[in-house]
Amino acid sequence: MSQQGYGRMIAIAAMMKDVELSKLARLKQTQALLAMKQGEITQSASTALRQPVQDMTDLKMIESFRAWAGRKVEALEQEKRAMDAQVEQARQRSARRFGQHMALTRIDEQIRDQDKIEKLRKQEF
């Protein structure tokens, strides 16, 4: 394959690597947001427990909020677990694309080195 052909393959491999890395970054950011939401809801539920109770209405509202918070936190936890598999797949794809790019870059460097050696040999004679 020509030097120009390897150059195109390297450029395509670099683009594919960047696409996979950006997908992975978006998934990890979504995971972090889910964890943050989960923490905020848990903190709100804890704060609700510390509120003074004036009457039964307050108590029922606090209990209702805690029940909702528990369901919401569990739903977010399930969503995070489902994303774990997606993140792992994205990590593997990113690693594979990164490896492909590195391998093509090394091949290109070796070809350039061989071309330099050949030019030097021709100059000696």
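Look a little higher up for the structure.
## Quick word on the overall build of the chain
Looking only at helices and strands, the chain has two helices and zero strands in total. For a compact globule of 125 residues, the expected C-alpha radius of gyration is about 14 Å, and the chain comes in at 28 Å, more than 25% above that figure. Expressed as lengths along the three principal axes of its C-alpha atoms, the size of the chain is roughly 100 × 20 × 15 Å. Within the chain, the proportion of its 125 residues that are buried is 22%. Looking at the chain alone, contacts between residues at least 24 apart form 81% of all its contacts between residues at least 6 apart. Roughly 9300 Å² of accessible area belongs to the chain as shown, and the carbon and sulfur atoms make up 56% of that amount. Charge centroids of the chain, computed over 23 positive and 17 negative side chains, lie 3 Å from each other.

## So, the nonpolar core
Counting ten residues, the largest nonpolar core consists of Leu24, Leu27, Leu34, Ile41, Ala45, Ala69, Leu76, Met83, Val87 and Ala90. Where this core is concerned, the elements lending two or more residues are helix H1 (3-50) and helix H2 (56-124). Residues within four places of Ala45 in sequence aside, it is in contact with Phe65, Arg66 and Ala69.

## Here's the deal with the environment of Thr30
Structurally, the position occupied by Thr30 is in helix H1. On the basis of relative accessible area, Thr30 is assigned to the partly exposed category, the value being 35%. C-alpha of Thr30 to C-alpha of Arg106: the two residues are 76 residues apart in sequence and 34 Å apart in space.

## A closer look at the pattern of salt bridges
Going through the model one piece at a time under the given rule, you end up with eight salt bridges. Residue Arg93 is joined to Glu20 by a salt bridge in which the shortest nitrogen-to-oxygen separation is 3.1 Å. One end of the pair, Arg93, is in helix H2; the other, Glu20, is in helix H1, and 73 residues separate them in sequence. Ionic pairing is found between Glu74 and Arg81, a salt bridge with its closest N-O pair at 3.4 Å. For Glu74, a relative accessible area of 38% gives the class partly exposed. The partly exposed category is assigned to Arg81, whose relative accessible area is 44%.

## A closer look at the environment of Ala103
With respect to the secondary-structure elements, Ala103 resides in helix H2. Using a relative accessible area of 37% as the deciding quantity, one classes Ala103 as partly exposed. Distance in space between the C-alpha atoms of Ala103 and Thr47 is 54 Å, their sequence separation being 56 residues.

Conventions and cut-offs
Residues numbered from 1 in each chain as written. Predicted model: local features only at pLDDT ≥ 70, side-chain atom pairs only at ≥ 80, totals over all residues. Heavy atoms only, no water. Helix = DSSP H or I, 4+ residues; strand = E, 2+ residues; numbered from the N terminus. Rg over C-alpha atoms; globule rule 2.2 N^0.38 Å. Buried < 20%, exposed > 50% of the residue type's maximum accessible area, 1.4 Å probe, protein only. Contact = heavy atoms within 4.5 Å. Areas by Shrake-Rupley, 256 points an atom, 1.4 Å probe, with all protein chains shown as cover. Lys, Arg positive; Asp, Glu negative; His and termini not counted. Charge placed at Lys NZ, Arg CZ, Asp CG, Glu CD. Core = buried A, V, L, I, M, F, W, Y, C linked by side-chain atoms within 4.5 Å. Salt bridge = Lys/Arg side-chain N within 4 Å of Asp/Glu carboxyl O.

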